[in-house]
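Residues per chain, in single letters:
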Amino acid sequence: MRAVLTWRDKAEQCVYDLAFKPDGTQLILAAGNRLLVYDTSDGTLLQPLKGHKDTVYCVAYAKDGKRFASGSADKSVIIWTSKLEGILKYTHNDSIQCVSYNPVTHQLASCSSSDFGLWSPEQKSVSKHKSSSKITCCSWTNDGQYLALGMFSGVISIRNRNGEEKVKIERPGGSLSPLWSICWSPSREEHNDILAVADWGQKLSFYQLSGKQIGKDRSLNFDPCCLSYFTKGEYILLGGSDKQVSLFTKDGVRLGTVGEQNSWVWTCKVKPDSNYVVVGCQDGTISFYQLIFSTVHGLYKDRYAYRDSMTDVIVQHLITEQKVRIKCKELVKKIAIYKNRLAIQLPEKILIYELYSDDSLDMRYRVKEKIVRKFECNLLVVCADHIILCQEKRLQCLSFSGVKEREWQMESLIRYIKVIGGPPGREGLLVGLKNGQILKIFVDSLFAIVLLKQATAVRCLDMSASRNKLAVVDENDTCLVYDIHTKELLFQEPNANSVAWNTQCEDMLCFSGGGYLNIKASTFPVHQQKLQGFVVGYNGSRIFCLHAFSMSAVEVPQSAPMYQYLDRKMFREAYQIACLGVTDTDWRELAMEALEGLEFETAKKAFTRVQDLRYLELINSIEERKKRGETNNDLFLADVFSYQGKFHEAARLYKRSGHENLALDMYTDLRMFEYAKDFLGSGDPKETKMLITKQADWARNINEPKAAVEMYISAGEHGKAIEISGDHGWVDTLIDIARKLDKAEREPLLMCAHYFKKLDNPGYAAETYLKIGDLKSLVHLHVDTQRWDEAFALGEKHPEFKDDIYVPYAQWLAENDRFEEAQKAFHKAGRQREAVRVLEQLTHNAVVESRFNDAAYYYWMLSMQCLDIAQDPAQKDVMLGKFHHFQHLAELYHGYHAIQRYTEEPFSFHLPETLFNISRFLLHSLTKDTPLGISKVNTLFTLAKQSKALGAYKLARHAYDKLQGLQTPARFQKSIELGSLTIRSKPFQDSEELVPLCYRCSTNNPLLNNLGNVCINCRQPFVFSASSYEVLHLVEFYLEEGITDEEAVSLIDLEAPRHKRENKWQEIASNTSQTLRLDETLDSMGDDDPFTAKLSFEQGGLEFVPVVVNRSVLRSMSRRDVLIKRWPPPLRWQYFRSLLPDASITMCPSCFQMFHSEDYELLVLQHTCCPYCRRRIDDPSP
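- The name an unreviewed UniProt entry gives the chain is Intraflagellar transport protein 122 homolog, with Neophocaena asiaeorientalis asiaeorientalis as the organism.
- Word for word, the UniProt comment on the chain under Subcellular location (unreviewed entry) is "Cytoplasm, Cytoskeleton, Cilium basal body".

What follows is the structure, given as structure tokens:
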């Protein structure tokens, strides 16, 4: 450590205190009754400040740099701004001894001989606290929580920010050791606050905040007047009666003198965040010093030892970055390191350390020897058993016990010394002198060996690993390399400040200088890269560099020198360089270059390093072939080139060695077909086609389908081209292929059509099927794509495909819930069973869903289907039975639809008479099993309600009685119970207007008929209207044996003339009225109607006697009086005669249901179709 005077000035009076502005630009001095403001950069006095009337004893600057305070013997404290303006003044009862600003809150503590005050900018008044003794010094803790006061009585009082005493430290010396300076450590690394105390008992002490002393008192041998810390707390400055400033460690170990003065030193401070120190003296001298801390260190291979905090030694392993700290507690003057030895020179002794083990990574040191003597030396070197001291021109060799064994006297000053290894106790030293002489000295020899002599002074030396070459840096910054044996200068390079040989490679060295790192291999040009600092070691690919005070290991790829060797085809040397450390890319380049140079051994090592098995297999195969006697290097090199991707060079070499087939195989394997074609030239077309096919296969495999398709087409492989195009959905390509193909090429065309279908392009598929004449596939295409119109059109032209069209059509309709159309389609396709099955399913669904009108319609359709099937003689009887059954069910469901709506819906859509008739009709029809879905309860309930409303009280009572015996829904129970009670109040009879009349025998039938819907007298079945369910005035008659339906119709159509009837109406007119009178003396029908005569029957017979007519009766009938149900075979037609011709009846030509004409017309207008069979009025078919 050296102190360099920067500037000096002299004030007229004693400088008692000083303070730096926090940014370090200004210095405030207390000199006499004035404050002097200096510029710290050059010592210029900026301004004297007058404000005090007596001597200024103390000054302090706030941490924020906004203001500073001064205290004087005139008992006043003045607050000044940073612009050097006084803004506040307050007083104490005695002279001010010290002032200090809180570093956090900027509260000012001012201490006098009898009290201390606390002032802050927020407070108007100063809070003052009495003191039992004179306060000589004060200091705030880092966090601003506590203020330490030093007393003349030797007591330390620690107060909080309110001035309350928290800790009182009474020191052993008492009033005999008055405190003169105290200071809290500003270090933020310490866990506890540490207070440094200097007293006039000539001691330096350290205390914790709790009052506990740290360590022992340290004797000073002078009266300290000032104590201050460096900014980070690493060092302490002390000055006083010894007329100098001393530098101490933070633990109180004296390190040296900063500056000697001519009088007492009253104050000394460190410029913030720097190594500058200012000193103020009794005689008014102000001195400004710069402290220079020199680097004390030592290096051996990958271990670096350096001084830290002046008293510690840190040993750093440059590879593992491990560090170990050795605390010496004294100033470390010199450090030397060698293998497992470490030597540390302290002021009064030298310590020799050794490693605990021989492990190269072990970092634990222990003291081996102590040489307790004071030595003066410029350089220190340690060996296995000796230490070497260098003093100017003299070298001394001492054993670890301190005995001088040998001494060498040099001709000139020793500038550089280094241990270059050797057996323990016989190590060699490399010594460089100022006169340019370079010597080699062995520790066990008295004689120095002169290696060479050069003209310029030596700054740095290093010897190569094999001891054959010597590198020297001289005072002209030139690096010179010599051959040790021949003394020949091999080369020299400028701009060098240090040099180091690579410890693992003989021909490589590096040197630094001018901000660059230079690496030189053999005699090749230097490779440069930027680097700050000094090169001190070079091990493999690591360069050890000392920059400022830190040592670092820099990884430097050895690529540049490796490529320099490769350029000269020096593969083995390049491999040695690569082993020191290059990138994987460099290794691969080395491997490739060696392989091309057919240096297989080096190539194999390099490829092993990058783990490239492919090339290793190639090298092994070449070596095997060489063992078998192959010697054609062109062939080996061609294989190498082909592996490297240099295919044209490989092909040329294959051709040159007479192996054209290998070149062709290489090109085809690599899918380089164009080059293969060029290589073939105008060769065999068969080979060319084979090449194209291979090329197409490759294009397909590498996912280049477009190219593959084009190649397959050019090679005539249409099937593969179509397959690829179809898989990728290229319709345009498929169209081109399909249109170019001949219709005889059926297989590829079928493939095209298949892909057209798959890609949803049925139009092109149809075109393709037409091209090859495959009509069946065309039909299937239309069916699969549901293009029914085209399918039907094709079916018209080619009836043989009818089944192929209509059956799938019907299935499609059924799948899309269009069951009625499906049934018709099945029927049209002749699939009667499927048609019936669809209808049965529809019917069942309708019943389950309570759509009874739909159920009636479907049952009617089912019956007609069965009638259609009954034309087959084999199924006639069964199907006719089903026909009658389904007809019966259709009538029941048709009627029950109205009952269901009446019971389930809030409003009735039918007249009471209609509901009354339907209920009776259903009850008469439900003599046996009740069909699914029809509720007897609903029917009886409706009948009871309507009977009561229409006056059929007897029938209503009967219906209510029946309901009592049935399980009725809860919603009906109340109504039924009420109806059952109220009907009792009605007469037990039915209205005669409701009694049905048999139009054959003119018998009034009961409302409830045990025989069902037939006359109780003549057993003639009633014919009901399908809308109002009234008994129609129709009588069914049958034809006499031998009369056909056609003959009967022709006879009826003859319309034989009848006797003219007289007008029985008489008109009588008077003044007030006009009257019509009917004369009923004659029967309206008369006895001249042959059909009326046929209506007679035997009274009381149990069997039904049908009305059978002969030709003459038929001839007498009028066409408008006869209704014919023209059933298709095998059924016979049914004939009905209207007995009241004037009351018109309409029969649906499709379902043959009878209606009153007015009712039918109204229903058709409402529904635009027959309400029973749903035949539309615009449908011309029956």
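Structure's up, so let's keep going.
1. Let's talk about the overall build of the chain
Next, step 1: In terms of helices and strands, the chain carries 30 helices and 63 strands.
Next, step 2: Among the 1182 residues that make up the chain, the fraction classed as buried is 51%.
Next, step 3: A separation threshold of at least 6 residues defines the contact pool for the chain, and within that pool the share at least 24 residues apart is 43%.

2. Some points on unusual backbone geometry
Next, step 1: Cis peptide bonds are those with omega within 30 degrees of zero, and the linkage from Pro1129 to Pro1130 qualifies with 10°.
Next, step 2: Assignment of secondary structure puts Pro1130 in the loop between strand 60 (1122–1125) and strand 61 (1134–1138).
Next, step 3: The phi angle at Asn495 is positive, at roughly 55°, despite the residue not being glycine.
Next, step 4: Its place among the elements puts Asn495 in the loop between strand 48 (489–493) and strand 49 (498–501).

3. Quick word on the sheet that holds strand 55 (residues 550–555)
Next, step 1: Here we have 3 strands laid out as an open sheet, ordered 53-54-55, and antiparallel in their pairing. Each edge of the open sheet carries a strand with a single partner, namely strand 53 (534–539) and strand 55. Across this sheet, the average inter-strand angle for adjacent strands is 25°, counted without regard to direction.
Next, step 2: Bridge count between strand 53 and strand 54 (residues 542–547): 5 bridges; the pairing is antiparallel. Looking at strand 54, one finds that Val535 is bridged to Cys545.

4. A closer look at the side chain of Asn497
Next, step 1: Along the chain, the position of Asn497 falls in the loop between strand 48 and strand 49.
Next, step 2: Of note is the side chain of Asn497, whose polar atom sits 3.3 Å from the side chain of Ser498.
Next, step 3: If near-sequence neighbours (up to four positions away) are discounted, Asn497 is found in contact with Arg459, Cys460, Val473, Ser512, Gly513, Gly533 and Phe534.

5. A look at the packing of aromatic side chains
Next, step 1: The tally for this structure, following the rule as stated, stands at 31 aromatic pairs.
Next, step 2: Summarising the aromatic geometry, the rings of Phe1022 and Phe1024 are spaced 6.3 Å apart at their centres and angled 80° between planes, so their arrangement reads as edge-to-face.
Next, step 3: A connected cluster of aromatic rings, assembled from ring pairs, spans Tyr16, Tyr57, Phe152, Trp180, Trp200, Trp264 and Trp266.
Next, step 4: Cation over ring: Arg364 sits above Tyr356, and NZ or CZ is 4.9 Å from the ring centre.
Next, step 5: Taking the ring centre of Tyr356 as reference, the NZ or CZ of Arg366 above it sits at 4.8 Å.

6. Details of the UniProt feature "repeat: WD" (unreviewed entry) in the chain
Next, step 1: The residues that UniProt annotates with the feature "repeat: WD" (unreviewed entry) are residues 49–80.
Next, step 2: Strand forms 59% of residues 49–80 and helix 0%; the C-alpha atoms that close the span are 10 Å apart.

7. Thoughts on the sheet that holds strand 29 (residues 297–300)
Next, step 1: Pairing within the open sheet is antiparallel, and its 4 strands lie in the order 29-30-31-32. One side of each edge strand has no neighbouring strand; the edge strands of this open sheet are strand 29 and strand 32 (323–327). Neighbouring strand axes in the sheet, compared pairwise and without regard to direction, differ in orientation by 15° on average.
Next, step 2: Note: strand 30 (residues 303–308) against strand 31 (residues 312–317), 6 bridges, orientation antiparallel. In the sheet register, Ala305 faces strand 31, and the bridge partner there is Val315.

8. Comments concerning the packing of helix 23 (residues 912–925) against helix 24 (residues 936–950)
Next, step 1: Relative orientation of the contacting elements helix 23 and helix 24 amounts to 135°, with a least axis distance of 9 Å. The orientation of helix 23 with respect to helix 24, classified from their angle, is oblique. Every pair of crossing elements has a handedness; the one defined by helix 23 and helix 24 is left-handed. In this structure, helix 23 contributes Pro912, Glu913, Leu915, Phe916, Ser919, Arg920, Leu922 and Leu923 to the contact, and helix 24 contributes Thr939, Leu940, Thr942, Leu943, Gln946, Ser947 and Leu950.
Next, step 2: Tallied by class, the residues present in the contact of helix 23 with helix 24 amount to 8 nonpolar, 5 polar and 2 charged.

9. Describing helix 3 (residues 584–596)
Next, step 1: Taking 1.5 Å per residue, 13 residues should reach 18 Å; helix 3 reaches 18 Å between its end C-alpha atoms and fits that length.
Next, step 2: For helix 3, the full list of buried residues reads Asp586, Trp587, Leu590, Ala591, Met592, Ala594 and Leu595.
Next, step 3: Where helix 3 terminates, the next one or two residues include Leu598, which has phi positive at roughly 60°.

10. Concerning helix 24
Each α-helix turn comprises 3.6 residues. Residues three or four places apart therefore point the same way.
Next, step 1: Taking 1.5 Å per residue, 15 residues should reach 21 Å; helix 24 reaches 21 Å between its end C-alpha atoms and fits that length.
Next, step 2: Among the residues of helix 24, Val937, Asn938, Thr939, Leu940, Phe941, Thr942, Leu943, Ala944, Gln946 and Ser947 are the ones counted as buried.
Next, step 3: The secondary structure elements touched by the buried residues of helix 24 are helix 22 (876–904), helix 23, helix 25 (953–964) and helix 26 (970–982).
Next, step 4: Here helix 24 starts with a cap whose side-chain oxygen sits 3.3 Å from the backbone nitrogen of Val937, and that cap is Ser935.
Next, step 5: Of the residues one or two after helix 24, Gly951 is the one with positive phi, at around 95°.

11. A short note on the nonpolar core
Next, step 1: If you look at the biggest cluster of nonpolar residues, it comprises 62 residues, and the most contacted ones within it are Trp860, Tyr893, Leu922, Leu1034 and Met1154.
Next, step 2: Of all the secondary structure elements, the ones that give two or more residues to this core are helix 20 (832–848), helix 21 (852–869), helix 22, helix 23, strand 62 (1145–1147), strand 63 (1154–1156) and helix 30 (1157–1167).
Next, step 3: If we ignore the near neighbours within four places in the chain, the residues touching Leu922 are Leu892, Gly895, Tyr896, Ile899 and Thr939.
Next, step 4: Counting 49 residues, the second-largest nonpolar core is a separate cluster that includes Ile335, Ala336, Ile337 and Cys397.

12. What to know about the environment of Leu413
Next, step 1: Among the secondary structure elements, Leu413 is positioned in the loop between strand 40 (404–409) and strand 41 (414–419).
Next, step 2: When the C-alpha positions of Leu413 and Cys390 are compared, they lie 9.7 Å apart, and in sequence the two are 23 residues distant.
Next, step 3: Not counting the four nearest positions on each side in its chain, Leu413 is found in contact with Glu392, Lys393, Gly432, Leu433 and Lys434.

13. Concerning the packing of helix 22 against helix 23
Next, step 1: As a packed pair, helix 22 and helix 23 sit with axes 10 Å apart at the nearest point and diverge in direction by 135°. Accordingly, the angle class assigned to the pair helix 22 and helix 23 is oblique. For the pair helix 22 and helix 23, the crossing hand works out as left-handed. Side by side, helix 22 and helix 23 meet where His888, Glu891, Leu892, Gly895, Tyr896, Ala898, Ile899 and Tyr902 of the first sit next to Leu915, Ile918, Ser919, Phe921, Leu922 and Ser925 of the second.
Next, step 2: Residue composition of the contact of helix 22 with helix 23, grouped by class: 9 nonpolar, 4 polar and 1 charged.

14. A few points about the side chain of Asn1110
Next, step 1: Following the sequence through the fold, Asn1110 ends up in the loop between strand 59 (1107–1109) and helix 29 (1111–1116).
Next, step 2: Here Ser1112 takes part through its side chain, which lies 2.8 Å from a polar atom of the side chain of Asn1110.
Next, step 3: Setting aside residues no more than four positions away along its own chain, Asn1110 makes contact with Glu1040, Ile1043 and Lys1094.

15. Focus on the environment of Gly537
Next, step 1: Here Gly537 lies in strand 53.
Next, step 2: Along the sequence, Gly537 and Asp302 sit 235 residues apart, while their C-alpha atoms lie 8.1 Å from each other.
Next, step 3: Once you skip the residues sitting within four places of it in the chain, Gly537 turns out to touch Leu299, Ala500, Arg542, Ile543 and Phe544.

16. Topic: the pattern of salt bridges
Next, step 1: Counted according to the given criterion, the structure contains 30 salt bridges.
Next, step 2: Arg325 serves as the salt-bridge partner of Asp312, at 2.8 Å between the closest nitrogen and oxygen. Separated by 13 residues along the polypeptide, Asp312 in strand 31 and Arg325 in strand 32 bring together distant segments of the chain.
Next, step 3: On the accessibility criterion, Arg325 (41% relative accessible area) is partly exposed.
Next, step 4: Among the charged side chains, a salt-bridge network with shared partners connects Arg341, Glu354, Arg366 and Lys368.

The rules we used
- Residues numbered from 1 in each chain as written.
- Predicted model: local features only at pLDDT ≥ 70, side-chain atom pairs only at ≥ 80, totals over all residues.
- Heavy atoms only, no water.
- UniProt positions renumbered as here; feature names shortened; annotations may be inferred.
- Helix = DSSP H or I, 4+ residues; strand = E, 2+ residues; numbered from the N terminus.
- Buried < 20%, exposed > 50% of the residue type's maximum accessible area, 1.4 Å probe, protein only.
- Contact = heavy atoms within 4.5 Å.
- Pairing = 2+ DSSP bridges.
- Axes fitted to C-alpha atoms, helices over the stretch in contact; angles between N-to-C directions.
- Polar contact = N/O pair within 3.5 Å; in protein donor to acceptor, adjacent residues only side chain to side chain.
- Phe/Tyr/Trp six-rings, centres within 6.5 Å; stacked < 30°, edge-to-face > 60°.
- Lys NZ or Arg CZ within 6 Å of the ring centre and 35° of its normal.
- Parallel < 35°, antiparallel > 145°, perpendicular 65-115°, else oblique.
- Left-handed = near helix turned anticlockwise from the far one by under 90°.
- Nonpolar A, V, L, I, M, F, W, Y, C, P; charged D, E, K, R; others polar.
- Expected span 1.5 Å × (residues − 1).
- Core = buried A, V, L, I, M, F, W, Y, C linked by side-chain atoms within 4.5 Å.
- Salt bridge = Lys/Arg side-chain N within 4 Å of Asp/Glu carboxyl O.

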